[in-house]
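Listed below are the residues making up each chain.
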Amino acid sequence: MVLDARCFHYLAFFLRTWFLHGAFEFTLYFPKTMSIQDTYRTDLADFLGINTDQISLYWKGRVGLYAVLKAMGIGPGDEVILPAFTCVVVPNAILYTGATPVYVDIDPNSLCCETKSIEKAITPHTKAILIQNMLGLSYEVHDIVSLAKARGIYTIEDCTHGF
């Protein structure tokens, strides 16, 4: 299975929408012949211009993150860099794969990771960098992605906290 940027953007979009609106609020708007998940998957596939079988739905953000990490082949012996200012479900998803979370300091103004902190934390075992948008802010995302690409490291942009 090949994961491209659309899959990760979809995951963030789905998690934000599901969290903000909840499953039960949507039930009045969907036909009785389709489940909320089928309707959501169909509408999202149409919007992205992809097949519905390319979309996976998860009931919790930590489960979605775990699935993304596993699809990337991340497991025991690997490291995933993430901001020290995060909620417990993020490092738990990393730990569930057997990988090690590596925390980096955040910028006190943006509450997001800085490229220089991430660069210092990279080791030969680093397989992914998790970038979190915080309180509606994203910070140095393009620089972090460029750094990761140059080193052959995956990046995951978690937009859940970006609202």
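Criteria and thresholds
- Residues numbered from 1 in each chain as written.
- Predicted model: local features only at pLDDT ≥ 70, side-chain atom pairs only at ≥ 80, totals over all residues.
- Heavy atoms only, no water.
- Helix = DSSP H or I, 4+ residues; strand = E, 2+ residues; numbered from the N terminus.
- Buried < 20%, exposed > 50% of the residue type's maximum accessible area, 1.4 Å probe, protein only.
- Contact = heavy atoms within 4.5 Å.
- Pairing = 2+ DSSP bridges.
- Axes fitted to C-alpha atoms, helices over the stretch in contact; angles between N-to-C directions.
- Arc of directions from axis to C-beta.
- Disulfide = S-S within 2.5 Å.
- Salt bridge = Lys/Arg side-chain N within 4 Å of Asp/Glu carboxyl O.
- Patch = residues over 30% accessible without salt bridge, like charges linked within 9 Å, V, L, I, M, F, W, Y side chains within 5 Å.
- Areas by Shrake-Rupley, 256 points an atom, 1.4 Å probe, with all protein chains shown as cover.

Draft legend 1. Up close: the environment of E114. Among the structural elements, E114 can be located in the loop between β2 (100–104) and α5 (115–121). Judged by relative accessible area, E114 falls into the buried class, the value being 15%. With 30 residues separating them in the primary sequence, E114 and I144 have C-alpha atoms 7.9 Å apart. Residues in contact with E114, not counting those within four places in the same chain, are D105, D107, Y139 and E140.

Draft legend 2. Representation of unusual backbone geometry in the model. Backbone geometry at L111 places phi at a positive 65 degrees, although glycine is not the residue there. Within the element layout of this structure, L111 appears in the loop between β2 and α5. Residue class for L111 comes out partly exposed when judged on its relative accessible area of 24%.

Draft legend 3. Highlighting the sheet that holds β2. Spatially, four strands are ordered β2-β1-β3-β4 in an open sheet, and the strand pairing comes out parallel. Each end of this open sheet is capped by a strand with a single partner; those strands are β2 and β4 (154–158). Averaged over all pairs of adjacent strands, the angle between their axes in this sheet comes to 25 degrees, without regard to strand direction. Judged from the five bridges that link them, strand β3 (residues 126–132) and β4 form a sheet pairing that is parallel. The residue of β4 that forms the bridge with Q132 is D158. Docked against the sheet, helix α6 (residues 141–151) engages β3 and β4, running at close to 175 degrees with respect to β3.

Draft legend 4. Geometry of helix α4 (residues 89–97). Burial in α4 covers these residues: V90, P91, A93, I94 and T97. For α4, the arc enclosing every buried residue in end-on projection is 155 degrees, short of the 170-degree limit, so these residues lie on one face. In this structure, the buried side of α4 is in contact with α3 (61–71), β1 (79–83), β2, β3 and β4. Of the residues trailing α4, G98 is marked for its positive phi of about 95 degrees.

Draft legend 5. Molecular detail of the state of the cysteines. All told, the structure shown has zero disulfides when counted by the stated rule. Not engaged in a disulfide, the cysteine C113 finds its nearest cysteine sulfur in C112; these two sulfurs lie 7.4 Å apart.

Draft legend 6. Up close: the pattern of salt bridges. Applying the stated criterion to the full structure yields two salt bridges. The residue R41 makes a salt bridge to D38 at a minimum N-O spacing of 3.4 Å. Here D38 and R41 lie together in helix α2 (residues 36–48), a separation of three residues that amounts to about one turn. Note on D38: relative accessible area 36%, which makes it partly exposed. Put simply, E119 and R151 hold a salt bridge, and the shortest N to O gap is 3.2 Å. Taken as a pair, E119 in helix α5 and R151 in helix α6 lie far apart in primary sequence, 32 residues in all. Note on E119: relative accessible area 38%, which makes it partly exposed.

Draft legend 7. Focus on a nonpolar patch on the surface. A cluster of nonpolar side chains, namely Y66, L95 and Y96, defines an oily patch on the protein surface of about 310 Å² accessible area. When you line up the elements, Y66 lands in helix α3. The class of Y66 is partly exposed, set by a relative accessible area of 30%.

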